[in-house]
Amino acid sequence: MRRVIAILEDDPRRTEAMREVLKQIGSEYDHRFFDNAPETIAWLEEHMDEVALLSLDHDLGGNRSRKGEIFDPGTGRDVAEYLAAQSRVCPTMIHSNNYPGVLGMCRVLEDGGWKFSCVVPYGDVEWIRETWAREVGKIMRPKNRP
C-alpha cells in the first residue's frame, strides 16, 4: 500500500505550487488534494491508515453551488475536530494565515493528543516553495513518523 500526503487547500494557485514541491520530494508518496472539509473527512474515514502527512488550511471559501444545490465547504477546523476524535496516526501540519482559525485548530488537535506543526503563509505562493516545503521535508524524515 502506497502512503498518501493529503492536503486540504481550496486555492488553485497554492495547490499547483504544492504539487510542484511534492514532485521534488519524490514519488514515494501519492498525493491527494481536497478543497472542502466534508469530502476530506469522508475520505479520511476510509483511508486514514494510508496517510503519511496531513496539511490543512483553515479558510475554504464561501458556500458554492454543487449539482444545483448550495454546498458549504466547511473549514479546516471541521477536519481538526474529526481528527481529534481519532487515534493519532500521522503528522499533521496547519497552513493558514487566519490566526484565530489556526489557534482553534491547534487547541482541538492538542486536546485530541495530536502532534502538529504550523506554517504561516506570506507573500503569494513563495512560502510554499520555502517554508512549507522545508516543513514537509522535516516532517517526512523517518524519525518524525509515528
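Conventions used here
- Residues numbered from 1 in each chain as written.
- Predicted model: local features only at pLDDT ≥ 70, side-chain atom pairs only at ≥ 80, totals over all residues.
- Heavy atoms only, no water.
- Axes fitted to C-alpha atoms, helices over the stretch in contact; angles between N-to-C directions.
- Helix = DSSP H or I, 4+ residues; strand = E, 2+ residues; numbered from the N terminus.
- Parallel < 35°, antiparallel > 145°, perpendicular 65-115°, else oblique.
- Contact = heavy atoms within 4.5 Å.
- Nonpolar A, V, L, I, M, F, W, Y, C, P; charged D, E, K, R; others polar.
- Pairing = 2+ DSSP bridges.
- Core = buried A, V, L, I, M, F, W, Y, C linked by side-chain atoms within 4.5 Å.
- Buried < 20%, exposed > 50% of the residue type's maximum accessible area, 1.4 Å probe, protein only.
- Expected span 1.5 Å × (residues − 1).
- Arc of directions from axis to C-beta.
- Polar contact = N/O pair within 3.5 Å; in protein donor to acceptor, adjacent residues only side chain to side chain.
- Salt bridge = Lys/Arg side-chain N within 4 Å of Asp/Glu carboxyl O.
- pLDDT = per-residue confidence, 0-100.
- Disulfide = S-S within 2.5 Å.

**Q** Tell me what's going on with the packing of helix 3 (residues 76-84) against helix 4 (residues 99-111), and back it up with residues and numbers.
**A** Relative to each other, helix 3 and helix 4 sit at 5°, their axes nearing to 8 Å. What the angle tells us is that helix 3 and helix 4 run roughly parallel. Seen from helix 3, the contacting residues are G76, R77, A80, E81, L83 and A84; seen from helix 4, they are G104, M105, R107, V108 and L109. Among the residues making up the contact of helix 3 with helix 4, the classes are represented as six nonpolar, two polar and three charged.

**Q** Account for the sheet that holds strand 7 (residues 116-119), naming residues and giving values.
**A** One key point about sheets: their strands pair by backbone hydrogen bonds, in either a parallel or an antiparallel sense. Spatial ordering of the open sheet is given by 2-1-3-6-7, a layout of five strands whose pairing is parallel. Looking along the sheet, the strands with just one partner apiece sit at the ends: strand 2 (30-34) and strand 7. Taken pair by pair, the neighbouring strands of this sheet meet at an average axis angle of 20°, ignoring direction. When strand 1 (residues 4-8) meets strand 2, the two strands line up parallel, connected through five bridges. What sits directly across from I7, in strand 2, is F33. The sheet strands contacting helix 1 (residues 12-25) are strand 1, strand 2 and strand 6 (92-95), and the helix crosses strand 2 at an angle near 170°.

**Q** So, the nonpolar core: which residues are in play, and what are the values?
**A** Ranked by size, the top nonpolar core spans 25 residues in total, and within it W43, L44, L54, V79 and L83 carry the most contacts. At the level of secondary structure, the elements contributing two or more residues to this core comprise strand 1, helix 2 (37-47), strand 3 (51-56), helix 3 and helix 4. For W43, the contacting residues outside a window of four places in its chain are V4, A6, R32, F34 and V51. Counting 20 residues, the second-largest nonpolar core is a separate cluster that includes V21, Y29, I139 and M140.

**Q** Summarise helix 1; cite the residues concerned and give the values.
**A** Along its 14 residues, helix 1 runs 20 Å from first to last C-alpha, staying within 8% of the 20 Å computed at 1.5 Å per residue. Along helix 1, the residues that are buried comprise R14, T15, A17, M18, V21 and L22. Projected down its long axis, helix 1 carries its buried residues within an arc of 165°, all on one side. Residues of helix 1 that are exposed and point more than 90 degrees away from the buried face comprise P12, K23 and Q24. In this structure, the buried residues of helix 1 make contact with strand 1, strand 2, strand 6 and helix 5 (126-139). Among the residues of helix 1, the N-terminal cap falls to D11, whose side-chain oxygen and the backbone nitrogen of R13 are separated by 2.7 Å. At the C-terminal side of helix 1, G26 shows a positive phi close to 125°.

**Q** Please give an account of the pattern of salt bridges that cites residues and values.
**A** If you walk through the whole model with that rule in mind, you get eight salt bridges. Between D124 and R13 there is a salt bridge whose closest N-O contact spans 2.2 Å. Taken together, the positions of D124 in the loop between strand 7 and helix 5 and R13 in helix 1 put the pair 111 residues apart, joining distant regions of the chain.

**Q** Describe the confidence of the model for the protein, and please don't skip the residues or the numbers.
**A** For the protein, per-residue confidence averages 91 on the pLDDT scale, and residues scoring 70 or more make up 97% of the total. Element-level mean pLDDT values for the protein span from 79 in strand 4 (residues 64-66) up to 97 in helix 3.

**Q** Just give me the short version of the state of the cysteines, but keep the residues and values in it.
**A** The term disulfide refers to a covalent linkage connecting the sulfur atoms of a pair of cysteines. Taken as a whole, this structure holds zero disulfides when the rule is applied. C90 takes part in no disulfide bond, and the closest cysteine sulfur to it belongs to C118, at a distance of 15 Å. C118 takes part in no disulfide bond, and the closest cysteine sulfur to it belongs to C106, at a distance of 3.6 Å. For C118, a relative accessible area of 37% gives the class partly exposed.

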